[in-house]
Amino acid sequence: MTFEYLEIKDPEYLQHHIENGELDYLLVKKKSFEDVPMESWDPPAYCFTDRFKNYEDDLSNFNVKPDDIWVASYPKSGTTWCQEMVWLICNNFNYDMAKSQSLRTRFPFLEVSLIHDLPDGKNSFEMVKNMTSPRFIKTHLPVSMLPKQYWSVLPKTVHIRRNVKSVAVSYYHHSKNIFYLGTKEQFIRSFMKDLQFYSPIHSHVIGYHSLIGLDNILYLSYEDMKRDLKGEITKVCSFFGVDCSEDQLYSLCKHLSFDSMQDNVACNYEEANDTTWKTKHPDERFIRRGEIDSWKTELSAELCQDLDDWNEKSIKNKHFRGLFC
């Protein structure tokens, strides 16, 4: 086997995982990662479900193509926002097509089968494999778990990161709206123990930022996109060699605004004929608040301090601490 599977032995997890809806979690560690261009390292095990065992060959041997375009991130870091931006820039700003097809169709989640079953027993790796090129591919995989061919092909990739407290809060609301039954504090303390999907976040993000000698990855942050969307769009256009006029830039900024994205049924995972979203609290929607520092109003002073302490303890190299602010 390419991967090692480890049981979670944390007492809090074992005591509450059933009542919290975390029924089949386990830790997964890649055994071999010599193809990853990084100085000596020992990547950790990451949190997944036992479904991982059914798809490890699909993942390891996934066929990567030179004209693939990838967006990579830890969950809840601005991935959907980044995907929509990248897709439009690389598709001649075709808003009609973007509105007529859901983002999950245009820019599918490669390894979603590792997390939950798909309708009719579909395999997300097979679905992406059979897409017409150029394929647009979303992943939350850490660098140690990317398909083997990724490192020989090196497709264009945009990586986006976000403030760790904002991620924690957004990840809680996202999980609560799908399956999680515990409290916000329980979730975030579990997050700090690296026991939520794709955790640990620190090694996940630092891994992408520690790659050596690559020019196929563009690094963005959620906060930079919020502060200067126009500038970040220009950066992405340059990365893909796309000319963007002032009119096109204005239109894309407008399309990517929070209000536009939240009400865009092609991106917000809400069905066009479903009007129940009108009665939902903002925290119950997939595209929730779109703010930089909403954690300041949602976390207790004690939990904020604990997150700060955990953040500092988890990042040995001070050079990387700015990646999580």
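Figured I'd write up the structure that's included with this text. The numbers attached to residues start from 1 for each chain and follow its sequence in the written order. Predicted model: local features are reported for residues with pLDDT of at least 70 only, side-chain atom pairs are reported and counted for 80 or more only, and whole-chain, interface and lining totals are derived from all residues. To get the side-chain values, all heavy atoms of the structure are used, and hydrogens and water are removed first.

Some points on the overall build of the protein chain
Counting its regular elements, the protein chain contains 16 helices and seven strands. The quantity called the radius of gyration is restricted to C-alpha atoms. Its globule counterpart is 2.2 Å times the number of residues to the power 0.38. For the protein chain, the C-alpha radius of gyration of 19 Å lies close to 20 Å, the compact-globule estimate for 325 residues. Classification of residues uses two cut-offs on accessible area relative to the type maximum, computed with a 1.4 Å probe and protein chains only: under 20% is buried, over 50% is exposed, and between them is partly exposed. Among the 325 residues that make up the protein chain, the fraction classed as buried is 54%. Working definition of accessibility: Shrake-Rupley area with a 1.4 Å probe, residue cover restricted to the visible protein chains. Summed over all atoms, the accessible surface of the protein chain reaches about 15,200 Å², with 49% contributed by carbon and sulfur. Under the convention used here, Asp and Glu are negative, Lys and Arg are positive, and both His and the chain ends fall outside the count. The atom standing in for a charge is NZ when the residue is Lys, CZ when it is Arg, CG when it is Asp and CD when it is Glu. Of the charged side chains in the protein chain, 39 are positive and 48 negative, and the gap between their average positions amounts to 2 Å. Helix numbering and strand numbering both begin at the N terminus, where a helix is a DSSP run of H or I of at least 4 residues and a strand a DSSP run of E of at least 2.

Structural notes on helix α13 (residues 246-255)
Within the span of α13, buried status applies to Leu249, Leu252, Cys253 and His255. For α13, the angular spread of buried residues about the axis comes to 160°, placing them on one side. Opposite its buried face, α13 presents the exposed residues Glu246, Asp247, Tyr250 and Lys254, each directed more than 90 degrees away. Note: the arc covers the axis-to-C-beta directions of the helix.

With respect to the pattern of salt bridges
By convention in these notes, a salt bridge is any Lys or Arg side-chain nitrogen within 4 Å of a carboxyl oxygen on Asp or Glu. Applying the stated criterion across every chain, the model contains 15 salt bridges. Taking the shortest distance from any N to any O, the salt bridge between Arg227 and Asp224 comes out at 3.9 Å. Highlighted residues: Arg227 and Asp224, both in helix α11 (residues 222-227), separated by three residues, approximately one helical turn. Looking at Arg227, the relative accessible area reads 60%, which means it is exposed. Overall, Asp224 belongs to the partly exposed group, its relative accessible area being 31%. Each of Asp24, Arg51 and Asp117 takes part in one network of salt bridges that share partners.

A few points about the side chain of His255
With respect to the helices, strands and loops of the structure, His255 is situated in helix α13. Using a relative accessible area of 8% as the deciding quantity, one classes His255 as buried. Once residues within four sequence positions are removed from consideration, His255 is found in contact with Glu84, Leu88, Tyr95, Lys99, Ser260, Met261 and Asn264. Note on contacts: a residue pair qualifies if any of its non-hydrogen atoms lie within 4.5 Å across the two residues.

With respect to the packing of helix α12 (residues 229-240) against α13
A pair of packed helices is characterised by two quantities: the angle between their axes and the separation of those axes. Running from N to C, α12 and α13 point in directions that differ by 120°, and their axes come no closer than 10 Å. If you check the angle between α12 and α13, you find them oblique. The handedness of the crossing between α12 and α13 comes out as right-handed. Contact with α12, carried on its side by Leu229, Lys230, Ile233 and Thr234, involves Glu246, Leu249, Leu252 and Cys253 of α13 and no other residues of that element. Side-chain classes follow a simple rule in which Ala, Val, Leu, Ile, Met, Phe, Trp, Tyr, Cys and Pro form the nonpolar group, Asp, Glu, Lys and Arg form the charged group, and the remainder, Gly included, forms the polar group. In terms of residue class, the contact of α12 with α13 is built from five nonpolar, one polar and two charged. Axis definition: a line fitted to C-alpha atoms, over the contacting stretch in the case of helices. Angles run 0 to 180 degrees between N-to-C directions. The cut-offs work like this: below 35 degrees is roughly parallel, past 145 is roughly antiparallel, 65 to 115 is roughly perpendicular, and the gaps in between are oblique. Take the far helix as your reference; a near helix turned counterclockwise from it by less than a right angle gives a left-handed crossing, and one turned clockwise gives a right-handed crossing.

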